Amino acid sequence: MSITGQTTPPRNIPQHVAIIMDGNGRWAKKRGLPRLAGHKAGTENLRRIIKACADFGVKYLTIYAFSTENWGRPRDEVDGLMRIVEDVIERELIELNEQDVQLRHLGKLDQLSPNLQRKVLYAVEKTRNNKRLVLNIAFNYGGRDEIVHAFRQMLLDGVKEDEVTPEMVSRYLYTAGTPDPDLIIRTSGELRISNFLIWQAAYSEWYVTPTYWPDFGREELRKALDEYANRDRRYGKVAASEYEETHV
Ligand code: FPP
């Protein structure tokens, strides 16, 4: 806060923020509620964070909503998550358009129910010209699956061996056209990547907080962005100032 009581806008904003929204189940358990109540609260929080990202000037937000491994959860939970996403996509479409948010899907669409596939494709189409924020929803997404899918597609397209470069691989990923994430946030304290953006995360900065996802609000996001702003991103090189010191 400044002396006038105004919150100063964050500086050095990451262009692309990706989030592993973990801890819905534990949030619910702590309150004696069923796990799905945690996912519903997590969905409410997602609305807050989409708005906050757009307000702070983040251009791409990628959220991990359902992994290729999440099918192994109890049937009730999987069905519940599918229902939540179906309802949310339908209910929030007007709001996404009002907020000028473009929706994209990352992952395997054809394994979802025909109804959900239709709703996702409809929402993607209806928001395709929005410009303020791109929201990538990783749903039935896995990083290894994405890389295998990319290589299969390259083979089908007849890409030659010497044409296979990191740039070419990136062009075949579900995230084609999206810059790599600058900052990856994981809520609820676990220190692992969980098959999320494993190619794209090569030089991402990480921020892990013990806060469960439903409680990770605007102020917590602001803290993560402030910490990111002070990071020294070297991409495997040395800082320019250090190089000058050793080469005088
Ligand atoms: C991780 O918490 C969360 C998930 C696997 C699901 C996240 C999904 C939502 C927030 C639903 C909203 C999504 C959209 C696209 C509307 P966990 O269940 O692993 O929690 P735990 O580790 O505490 O058990």
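Residues numbered from 1 in each chain as written. Predicted model: local features only at pLDDT ≥ 70, side-chain atom pairs only at ≥ 80, totals over all residues. Heavy atoms only, no water.

S.K.: Sorry if this is basic, but what is going on with the side chain of Ser67 here?
M.R.: Tracing the backbone shows Ser67 in strand S2 (residues 60-67). Relative accessible area serves as the criterion here: at 7%, Ser67 is assigned to the buried category. Apart from the residues lying within four places of it in its own chain, the contact partners of Ser67 are Asn140 and Tyr141. (Helix = DSSP H or I, 4+ residues; strand = E, 2+ residues; numbered from the N terminus. Buried < 20%, exposed > 50% of the residue type's maximum accessible area, 1.4 Å probe, protein only. Contact = heavy atoms within 4.5 Å.)

S.K.: Hey, could you run me through the packing of aromatic side chains in this one?
M.R.: In this description, an aromatic ring pair is defined by two values, namely the gap between the centres and the angle between the planes. Scanning the model with the defined rule gives eight aromatic pairs in all. Between the aromatic rings of Tyr64 and Phe196, the centroid separation amounts to 4.4 Å while the plane-to-plane angle is 15 degrees, which identifies the pairing as stacked. Of this pair, Tyr64 sits in strand S2 while Phe196 sits in the loop between strand S5 (183-187) and strand S6 (205-209), and the two are 132 residues apart along the sequence. With respect to class, Tyr64 is no different from Phe196; both count as buried. (Phe/Tyr/Trp six-rings, centres within 6.5 Å; stacked < 30°, edge-to-face > 60°.)

S.K.: Would you explain the site of the ligand in this entry?
M.R.: Inspection of the region around the ligand gives 18 residues, with Asp22, Gly25, Arg26, Arg35 and Arg73 positioned closest. Separating an oxygen atom of the ligand from a backbone N or O atom of Asn24 is a distance of 3.3 Å. Arg73 has a polar side-chain atom sitting 2.8 Å from an oxygen atom of the ligand. Starting from 620 Å² of accessible surface for the ligand in isolation, the protein chains cover 91%. Elements with a contribution of two residues or more to the shell around the ligand: helix H1 (24-30), helix H2 (35-56) and helix H3 (75-98). A per-element tally of the shell around the ligand places H2 first, with five residues. (Near = heavy atom within 4 Å. Polar contact = N/O pair within 3.5 Å; in protein donor to acceptor, adjacent residues only side chain to side chain. Areas by Shrake-Rupley, 256 points an atom, 1.4 Å probe, with all protein chains shown as cover.)

S.K.: Honestly, the nonpolar core in this entry has me stumped. Any pointers?
M.R.: Nonpolar side chains in soluble globular proteins tend to end up buried together. Counting residues in each nonpolar core, the largest one holds 41 residues, and the members touching the most others are Ile19, Leu61, Leu135, Ile185 and Leu221. Discounting chain neighbours no more than four positions away, the residues touching Ile185 are Val17, Ala18, Ile19, Ile20, Tyr207, Phe216, Leu221 and Ala224. In this structure, Tyr64, Tyr141, Phe196 and Ala201 belong to the second largest nonpolar core, which totals 11 residues. (Core = buried A, V, L, I, M, F, W, Y, C linked by side-chain atoms within 4.5 Å.)

S.K.: Explain the pairing of S6 here, please?
M.R.: Burial of the side chains of S6 is restricted to one face: Glu205, Tyr207 and Thr209 are buried, whereas none of Trp206 and Val208 on the reverse face is. As paired strands, S5 and S6 are joined by five bridges and run parallel to one another. Residue Leu183 lies in a different strand from S6, and its bridge partner there is Glu205. (Pairing = 2+ DSSP bridges.)

S.K.: It is not clear to me how H2 should be interpreted in this structure. Could you clarify?
M.R.: Two residues of an α-helix separated by three or four positions point the same way, owing to the 3.6 residues in each turn. Helix length check: H2 (22 residues) gives 31 Å between terminal C-alpha atoms against 32 Å at 1.5 Å per residue, within 8%. Downstream of H2 by one or two residues, Gly57 has phi in the positive range, about 95 degrees. (Expected span 1.5 Å × (residues − 1).)

S.K.: Help me out: how do you make sense of the environment of Lys126 in this one?
M.R.: Looking at the secondary structure, you find Lys126 in helix H4 (residues 114-126). Lys126 sits in the partly exposed class, given a relative accessible area of 46%. Excluding its chain neighbours within four sequence positions, the residues that come into contact with Lys126 are Leu93 and Asn97.

S.K.: For this particular structure, what's the right way to read the side chain of Ser188?
M.R.: With respect to the element layout, Ser188 can be found in the loop between S5 and S6. We classify Ser188 as buried; its relative accessible area is 7%. Those residues in contact with Ser188, other than ones at most four positions away along the chain, are Asp22, Gly23, Arg26, Thr209, Pro210, Thr211 and Tyr212.

S.K.: I keep staring at the confidence of the model for the chain and nothing clicks. Help me out?
M.R.: Any residue range with low pLDDT should be treated as having predicted coordinates unsuitable for detailed reading. The share of residues in the chain with pLDDT of 70 or more is 94%, and the mean pLDDT across the chain is 94. In the model, residues 1-5 has pLDDT below 50 throughout and makes three contacts with residues more than four positions away in sequence or in other chains. (pLDDT = per-residue confidence, 0-100.)

S.K.: Just to check I follow, could you spell out H3 for this structure?
M.R.: Taking 1.5 Å per residue, 24 residues should reach 34 Å; H3 reaches 35 Å between its end C-alpha atoms and fits that length. Immediately beyond the C-terminal end of H3, within one or two residues, lies Asp100, with a positive phi of roughly 60 degrees.

S.K.: What's the story with the pairing of S2 in this structure? I'm lost.
M.R.: Successive side chains on a regular strand alternate, one facing one side of the sheet and the next facing the other. Counting buried positions along S2 yields seven of eight residues, so the element is predominantly enclosed. Pairing of strand S1 (residues 16-20) with S2, which is carried by five bridges, proceeds in the parallel orientation. The residue bridging His16 from the neighbouring strand is Tyr60, located in S2.

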